[in-house]
Amino acid sequence: MVSGSCSKLIEAVVGLLLVLLGASHGVKTYCDGRKGGAQCFGLLGGTVLLRLMDNTSHIPKYKWKYNRSMILKNIRTHPSPYTLQSRYLFIPSNGTLSITNLSRSDSGEYTLETFDSDGRNSGTQTLQLTVKAPVSFAQMINECLSQGQMKVSCLSEGGDSPQYSWTLDGHILTDSELFSRNNDANVIVLRQNISGCLVCSARNQVSSFFKEIQISTCGFIFINCSMNGTQISKWVSKENNSLCVEPITSTSSGTPIIKIIMVEEEYVELEHADTRTSRRQEEQHGEIQEEYGQVKKKPRHSDVKLHLHKDGVYANVPKNP
């Protein structure tokens with residue numbers, strides 16, 4: 001489930017991707033090869049518009065070829081109709097060749113040859129078309145590792161040569177946040193203290209897709225202390241940590257130091273001496289003396305009963321008669 005903060009970031013990402021996807025995901029892709037040597041990409045099952053000349057009005061003769069096979073030829077003074085495949089449409093007014101329902105077999109080199117009125121070659125333009133399948137996501141998986149890092153996998157379904165990128169709370173992941181990644185960058189490991197809205201984007205030349213997840217830390221803390229002369233600096237599980245924990249102070253006899261706090265009612269609370277609690281003295285209940293855990297009390301009644309409680313130890317002191 002995505003939290004509210006993550007949802008706002010996703011709305012921004014969606015807006016950006018809609019701009020980037022406008023041409024490829026919207027059925028048609030335009031490729032201008034008039035300068036020659038263009039590298040173009042078409043969406044599998046989509047439509048591509050190939051342009052290799054401005055128009056045909058001043059060109060006496062021209063030929064379109066695909067991998068040396070003739071697609072279209074025309075001689076202005078002596079028209080010679082050429083039957084195009086049903087998926088091809090040539091528009092003379094702007095010199096554009098449209099190919100619909102693209103398949104992988106449409107990938108290859110497209111060449112336009114033009115000739116002058118004497119039949120001499122006046123120019124050649126070529127472009128390279130590659131048809132690719134769009135990327136789409138199957139799922140995004142995250143798991144905590146034994147040392148507290150988080151492994152996140154971004155799994156796509158289909159698509160040719162997807163490239164992956166990651167953002168956290170709207171910015172590109174930094175080295176201080178990223179522990180490692182695999183060669184394809186679709187699996188990353190985050191450091192122990194990282195949390196927020198994580199977005200994985202996958203794209204190729206014809207499409208883009210994204211997936212998001214709200215992540216939290218794996219419950220590890222960083223400790224930096226010295227125990228028995230040994231310096232310890234490491235990430236440990238907060239729940240199971242037993243390192244760098246201050247021991248309970250004890251008296252010379254081994255008895256834990258306790259503190260008695262008088263209250264207005266008839267109860268006296270006993271706590272360890274390291275608990276930071278202000279003491280309210282009630283002179284009418286007795287005198288209290290504390291000295292390094294040695295507690296001396298002179299109650300008006302000697303019948304003092306100790307009671308165990310989940311929050312401490314209590315002494316029941318009878319009221320003055």
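Just so it is clear, the model here is predicted, and its values are computed rather than measured.

1. Notes on the overall build of the protein chain
And step 1. Of regular secondary structure, the protein chain possesses 1 helix and 25 strands.
And step 2. Here the protein chain, with 321 residues, has 35% of them falling under the buried criterion.
And step 3. Counting every atom, the protein chain has about 19,600 Å² of accessible surface; 49% of that belongs to carbon and sulfur.

2. Let's talk about the sheet that holds strand β15 (residues 187-190)
And step 1. With respect to topology, 4 strands assemble into an open sheet ordered β10-β11-β15-β14, the strand pairing being antiparallel. In this open sheet, the two edge strands, each paired with only one partner strand, are β10 (137-144) and β14 (178-181). Adjacent strand axes in the sheet meet at a mean angle of 20° when their direction is disregarded.
And step 2. As paired elements, β14 and β15 share 3 bridges and run antiparallel to each other. Its bridge partner being in β15, L178 is matched across the sheet by L190.

3. Things to note about the sheet that holds strand β12 (residues 163-168)
Across a sheet, paired strands are connected by hydrogen bonds in the backbone, their directions being either parallel or antiparallel.
And step 1. Read across the open sheet, the 4 strands follow the order β13-β12-β16-β17; overall the sheet is antiparallel. Of all strands in the sheet, those with a lone pairing partner are β13 (171-172) and β17 (208-215), marking the two edges.
And step 2. Looking at chain direction, β12 and strand β16 (residues 196-203) are connected through 6 bridges and run antiparallel. Residue pairing for β16: S165 is matched across the bridge by S201.

4. Looking at the state of the cysteines
And step 1. Taken as a whole and judged by the stated rule, the model has 3 disulfides.
And step 2. Through a disulfide, C31 is tied to C40; the S-S separation comes to 1.4 Å. No difference in accessibility class separates C31 from C40, as the two residues are buried.
And step 3. C154 shares a disulfide with C200; S-S distance 2.0 Å. Where C154 bonds to C200 through sulfur, the torsion about that S-S bond is close to -105°, and the disulfide is left-handed. Residue C154 is located in strand β11 (residues 150-156), and its partner C200 is located in strand β16; the two are separated by 46 residues in the primary sequence. We note that C154, like C200, is buried.

5. Topic: the side chain of T114
And step 1. For T114, the position within the fold is in strand β8 (residues 108-115).
And step 2. Under the relative-accessibility criterion, T114 is labelled buried at 12%.
And step 3. Leaving out residues up to four positions away in the same chain, T114 has contacts with I59, K61, Y62, R120, N121, S122 and G123.

6. Describing the pairing of strand β19 (residues 230-237)
And step 1. Taken together, the 8 bridges between strand β18 (residues 220-227) and β19 define a ladder with antiparallel strand orientation. Looking across to β19, one finds that N224 is bridged to S233.
And step 2. If you look at the hairpin formed by β18 and β19, you'll find 2 residues sitting between the two strands, and N228 has a positive phi there, around 55°.

7. Here's the deal with unusual backbone geometry
Most of the time, phi is negative for any residue but glycine, and the peptide bond is trans.
And step 1. Positive phi values are uncommon outside glycine, yet S161 reaches one of about 50°.
And step 2. Examined against the element boundaries, S161 turns out to sit in the loop between β11 and β12.
And step 3. Although it is not a glycine, A185 sits at a positive phi angle of roughly 65°.
And step 4. On the accessibility criterion, A185 (10% relative accessible area) is buried.

8. Topic: the packing of aromatic side chains
And step 1. One pass over the full model with this rule turns up 5 aromatic pairs.
And step 2. Among the aromatic side chains, those forming a connected cluster through ring pairs are Y62, W64 and F90.
And step 3. It is K61 that lies over the ring of F115; its NZ or CZ is 5.1 Å from the centre.

9. What about the nonpolar core?
And step 1. Y62, W64, I71, I99, Y110 and L127 are the most contacted members of the largest nonpolar core, which totals 23 residues.
And step 2. For L127, the residues in contact, after removing those within four places along its chain, are C31, G33, A38, C40, L50, L52, G108, E109 and Y110.

10. What about the side chain of S98?
And step 1. With respect to the element layout, S98 can be found in strand β7 (residues 96-99).
And step 2. Sequence-distant contacts of S98, that is, excluding residues within four places in its chain, are made with T47, V48, L49, R87, Y88 and L89.

11. Some words on the pairing of β12
And step 1. Burial along β12 is one-sided: the residues Y164, W166 and L168 are buried and none of Q163, S165 and T167 is.
And step 2. Examined bridge by bridge, β12 and β13 share 2 bridges and lie antiparallel to one another. Residue T167 lies in a different strand from β13, and its bridge partner there is I172.
And step 3. Between β12 and the antiparallel strand that follows it, β13, lie 2 residues; D169 among them carries a positive phi value of about 50°.

Reading the values: the criteria
Residues numbered from 1 in each chain as written. Predicted model: local features only at pLDDT ≥ 70, side-chain atom pairs only at ≥ 80, totals over all residues. Heavy atoms only, no water. Helix = DSSP H or I, 4+ residues; strand = E, 2+ residues; numbered from the N terminus. Buried < 20%, exposed > 50% of the residue type's maximum accessible area, 1.4 Å probe, protein only. Areas by Shrake-Rupley, 256 points an atom, 1.4 Å probe, with all protein chains shown as cover. Pairing = 2+ DSSP bridges. Axes fitted to C-alpha atoms, helices over the stretch in contact; angles between N-to-C directions. Disulfide = S-S within 2.5 Å. Contact = heavy atoms within 4.5 Å. Phe/Tyr/Trp six-rings, centres within 6.5 Å; stacked < 30°, edge-to-face > 60°. Lys NZ or Arg CZ within 6 Å of the ring centre and 35° of its normal. Core = buried A, V, L, I, M, F, W, Y, C linked by side-chain atoms within 4.5 Å.

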